Amino acid sequence: MATQLGNGALAKAQALDDAYVMHTYGRLPVEFVSGSGAELVDSEGRVYLDFLGGIGCASLGHANRVVAAAVREQLDRVWQVGNYYHVEHRGELAKAISELLSTTTDERGHAVGSTGTIWKTFFANSGAEANEGALKVARRWGERTLEGASGIISARQSFHGRTLATLAATGQDVFHRSFGPFPEGFSSVPLNDLDALSAAVGMGGTCAVMLECVQGEGGVWSANPDYLRGVRALCDERGLMLIVDEVQTGFFRCGAPFSFQLAGIEPDIVSMAKGIADGFPMGAVAARAQVADLMAPGDHGSTFGGSALAAAAGLATVTELVRRDMGEHVIATGDYLAERLASLPHVTEVRGRGLMRGAQLDVPIATPLVEQGLGRGLVLNHIGDSILRFLPPLVVTREEIDTMAERLGELIGELA
Ligand SMILES: Cc1ncc(COP(=O)(O)O)c(C=O)c1O
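*Asks:* Explain the packing of helix α4 (residues 90–101) against helix α10 (residues 308–323) to me, please; I cannot follow it from the model alone.
*Replies:* How two helices pack is summed up by the angle between their axes together with the distance between the axes. Packing of α4 against α10 brings their axes to within 9 Å, and their N-to-C directions diverge by 35°. Here the hand of the crossing between α4 and α10 comes out left-handed. From α4, Arg90, Glu92, Leu93, Ala96 and Ile97 reach across to α10, where they touch Ala311, Gly314, Leu315, Val318 and Thr319. Within the contact of α4 with α10, the residues separate by chemical class into six nonpolar, two polar and two charged.

*Asks:* Hey, could you run me through the site of the ligand in this one?
*Replies:* Around the ligand, a shell composed of 14 residues is seen, among which Ser126, Gly127, Ala128, Val247 and Gln248 lie nearest. Here the element with the most residues in the shell around the ligand is helix α5 (residues 127–145); it accounts for three residues. Split into classes, the residues belonging to the shell around the ligand amount to four nonpolar, seven polar and three charged.

*Asks:* Is there a simple way to explain helix α8 (residues 225–238) in this structure?
*Replies:* The periodicity of an α-helix, 3.6 residues per turn, causes residues three or four places apart in sequence to face the same way. Taking 1.5 Å per residue, 14 residues should reach 20 Å; α8 reaches 20 Å between its end C-alpha atoms and fits that length. All buried positions along α8 are accounted for by Leu228, Val231, Arg232 and Cys235. Take α8 and look down its axis: the buried residues cluster within an arc of 100°, on one side only. Turned more than 90 degrees away from the buried face of α8, the exposed residues are Asp226, Ala233 and Glu237. Contacts made by the buried residues of α8 are with α7 (194–202), β9 (206–211) and β12 (241–245). In the segment just after α8, Gly239 is the residue with positive phi, at about 70°.

*Asks:* In this structure, what is going on with the pairing of strand β19 (residues 387–390)? I would like to understand it.
*Replies:* Walk down a regular strand and you will see the side chains alternate between the two sheet faces. In terms of strand pairing, strand β16 (residues 356–361) meets β19 through four bridges, oriented antiparallel. Among the inter-strand pairings, Arg357 is bridged to a residue of β19, identified as Phe390. Pairing of strand β18 (residues 381–383) with β19 involves three bridges; the strand directions are antiparallel. Bridged to Asn381 within β19 is Arg389.

*Asks:* Explain the nonpolar core to me, please; I cannot follow it from the model alone.
*Replies:* Soluble, globular proteins show a tendency: their nonpolar side chains are buried together. Counting 117 residues, the largest nonpolar core has Ala138, Val209, Ala284 and Ala313 as its most contacted members. Per element, the largest residue contribution to this core is ten residues, and it comes from α10.

*Asks:* Sorry, what's going on with α5 here?
*Replies:* Spanning 19 residues, α5 covers 27 Å between terminal C-alpha atoms, matching the ideal 27 Å at 1.5 Å per step. Within α5, 15 of the 19 residues are buried, leaving the element largely enclosed by the surrounding structure. One or two positions beyond α5, positive phi appears at Glu147, with a value near 55°.

*Asks:* Even after reading the chapter, I still don't get the sheet that holds β16, so can you show me in this structure?
*Replies:* In a beta sheet, neighbouring strands are held together by backbone hydrogen bonds and run either parallel or antiparallel to one another. The strand order across the open sheet formed by four strands is β15-β16-β19-β18, and the pairing between neighbours is antiparallel. Looking at which strands have only one partner, the edges of the open sheet turn out to be β15 (347–353) and β18. Each strand of the sheet is rotated relative to its neighbour by a mean of 30°, with strand direction disregarded. Along the sheet, helix α11 (residues 326–342) contacts β15, β16 and β19; its crossing angle with β15, the most-contacted strand, is approximately 165°.

Cut-offs and rules
Residues numbered from 1 in each chain as written. Predicted model: local features only at pLDDT ≥ 70, side-chain atom pairs only at ≥ 80, totals over all residues. Axes fitted to C-alpha atoms, helices over the stretch in contact; angles between N-to-C directions. Helix = DSSP H or I, 4+ residues; strand = E, 2+ residues; numbered from the N terminus. Left-handed = near helix turned anticlockwise from the far one by under 90°. Contact = placed C-beta atoms within 7 Å. Nonpolar A, V, L, I, M, F, W, Y, C, P; charged D, E, K, R; others polar. Near = placed C-beta within 6 Å. Expected span 1.5 Å × (residues − 1). Buried ≥ 20, exposed ≤ 12 C-beta atoms within 10 Å, placed from the backbone. Arc of directions from axis to C-beta. Pairing = 2+ DSSP bridges. Core = buried A, V, L, I, M, F, W, Y, C linked by C-beta atoms within 7 Å.

Listed below in structure tokens is the structure:
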């Protein structure tokens, strides 16, 4: 590790982490103590441009004033009472999510209308939990309408979370090496291969197809729009649920409110998390009302899910994203980010949509780029040896993109 960032507060944080925190993550040697917009500040007072955004969560940027004020206001009243009761903001947030889900857009993500569909939402605390809910709703559908069919078909290279069922749904062998046995009924087929999916469905026993429209953790690979339309038609023909995992892609990350809208399709079940509350822990699963209504009291639950505090954070975030017309900003700055990345040395391809981008390198230097990026004031992320992934706060500016691209370009030149 070439970056030297001082040894005061950081050394203490590292020692405590080594001794007392479970080592499920390879931690980089920096401790962030504050942030604003797309900037982060470390314990030594150094400023960074953040192109990972809390792994795609800081949609309105770090410590957004409007969300902070809403949470602060709620903090002084009540935080958590349990789901046996009504709380402020939860219903309003669910209504706002329903309106965003029913939005129709053109293929670039500009809003053009509404499907008029009513969506009902269950609130959880994370993306994996949102997907667990999605799987249960799909299996309820299978039980009630498909003679008990319970099979879920996902895509290779997908990522759906770290619980046992969401790992089973994750189509990457690397995640299946330990921790079995996994729940039964999961299989995966190559993305963008409709024949493979049809053949898998043809074997019977399936209740749902589960997809990311842009695979995030798998390397930023897009499902092509024709494929998505074909999947929708296949699910309609067979009466299957189409689950779209919008945990990473949702809430304007790809320009449209949700990435499925870019292909002009409407799923039956949608999971979401990350950007929903600007980094406050929240996940959610929504289903078309007719599907959602198959779930009855006692069928699913979460102690913390949809607490008053989380609902305040979520409603403030979603309201502010809409008020600021964030989709338009993302479409424009996302194109600009892609352009700047494409012009960097050793970048052979830029994938993804909006402000969810992957830059493919022709040299395996992604890991040192991320490590040494810190020394240049850049928070970067990599997938494997040769893919850089970018998930900046949606409020990132062109000037910030320029600064990042200049610094990154220099670093690539030095390391390649
Ligand atoms: C598409 C997708 N689904 C699910 C998850 C799991 O979310 P969480 O880590 O909040 O459980 C992630 C996390 O990166 C994701 O990208």
